[in-house]
Amino acid sequence: MKSLFTLLLGTIIFCPISAQSIKTNTNKGVVLTVLGNVQDAGSPQAGCKKSCCADLWKHPRQDRKIISMGVIDYDLQKNYIFDSSPDFTSQLQWLQEKSGTLEKTAPDGIFITHAHIGHYTGLMFLGREGMNSKNVPVYAMPILKKYFENNGPWSQLVHLKNIEVREMKNEVPLQINPHLQVTPILVPHRDEYSETVGYLIQGPHKKALFIPDIDKWNTWKHSITDFIKKVDYAFLDATFYDAEEVGFRDISEIPHPFVTESMELFKNLPVQEKKKIYFIHFNHTNKLLIPDSQQSKTVLANGFNIAMLGDTVEL
């Protein structure tokens, strides 16, 4: 098997595409688009009485969608979703509208990173109570595949053939279609029910790295800075901005790289390398969700990007 680094070388209202991102609306080729940038529990978060949620209860923001990415192959008229969030219904509709495939009822494939609530529970909408879909390919690592097959209600989706779970192997590329290759990469995270992966997503011309959840960069066997150098875009875990945001919670129970830690790690990268980085997967308390916050201004001033709903890049 070739080494991973060898392979690396080889009507819903969404917010406007941010000026910081590369915008693509050519209706041809392969593109990657942000379908959601919020942590698993959404924004506002259930039970939240803080100021970050107070106004949102009365005035919901349509740009606050839970983490998910979409890939559109315009030439083959195919759509793929990376992480099936609780906002799956609106995200699928928007993806089909953007790709001009409204006649389709389901994506051509769904890739799951792990079994935390914001990343796979959207699969429920494929079931008998919802779409009652037929054999939608769901790509999962071995432990996650067994989890789907042996635990309800997900096992019912398998039994009724709403979904067809296809097993992946760590760092083994999958040629999804002639234009798209996907490689799962194990990352350290809280693996209560399944292993956790990020994805290397390679189109005809460019590569993107998608790692919405990881414990800390220094606990991973790979170097994140080396990965950034070998891809064109890197959508990276930014759940919490800093330790102050976590407050009374024990960070050892919910480990993630703070944005401040990531910026320190990446500070010596050349400007062109920093431009590849898109912070994503924001907790409801993270002020990167507020465009005019000091935290957002700091991230942008340091040469990084903040992933926003609708951001689209060419693959």
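Further up the page is the structure itself.
An account of the accompanying structure is given in this report. Please read all numbers here as calculations on a predicted model, not as lab measurements. (Residues numbered from 1 in each chain as written. Predicted model: local features only at pLDDT ≥ 70, side-chain atom pairs only at ≥ 80, totals over all residues. Heavy atoms only, no water.)

**Considerations on the nonpolar core**
Selection rule: Buried residues of nine kinds, namely Ala, Val, Leu, Ile, Met, Phe, Trp, Tyr and Cys, make up a nonpolar core once their side-chain atoms join them within 4.5 Å. Only protein chains enter the accessibility calculation, which uses a 1.4 Å probe; a residue whose area is less than 20% of its type maximum is buried, one above 50% is exposed, and one in between is partly exposed. Helix and strand labels come from DSSP, where a helix needs a run of H or I of at least four residues and a strand needs a run of E of at least two; each type is numbered from the N terminus. Whether two residues touch is decided by their heavy atoms; if any such pair falls within 4.5 Å, the residues are in contact.
L209, W220, I224, L236, F266, F279 and V299 are the most contacted members of the largest nonpolar core, which totals 30 residues. Of all the secondary structure elements, the ones that give two or more residues to this core are strand 10 (207–211), helix 7 (224–230), strand 11 (233–237), helix 9 (259–266) and strand 12 (277–280). Setting aside residues up to four positions removed in sequence, L209 forms contacts with I185, Y199, I224, F227, V231, Y233, A234, F235 and L236. With 28 residues, the next largest nonpolar core counts Y80, M168, L180 and A307 among its residues.

**Some details on helix 9**
Formally: What the arc describes is the spread of directions from the helix axis to the C-beta atoms.
Buried within helix 9 are the following residues: V259, S262, M263 and F266. Along the axis of helix 9, the buried residues cluster in a sector spanning 100°; they form a single face. On its buried face, helix 9 is in contact with helix 7, strand 11, helix 10 (271–274), strand 12 and helix 11 (294–301).

**Things to note about the pairing of strand 12**
Formally: In this analysis, strands are considered paired if DSSP registers two or more bridges between them. The path from the first strand over the helix to the second decides the hand: if it runs clockwise while the strands point away from the viewer, the crossover is right-handed.
Because side chains alternate across strand 12, one face comprises the buried residues I277 and F279, and the other comprises Y278 and I280, equally buried. Pairing geometry for strand 11 and strand 12, over four bridges, is parallel. Bridging across to strand 12, A234 finds its partner in I277. Of the pairings in the sheet, the one linking strand 12 to strand 13 (residues 305–306) comprises two bridges and is parallel in character. Counterpart to F279 in the pairing with strand 13 is I306. Each parallel crossover has a hand, and for strand 12 linked through helix 11 to strand 13 it is right-handed.

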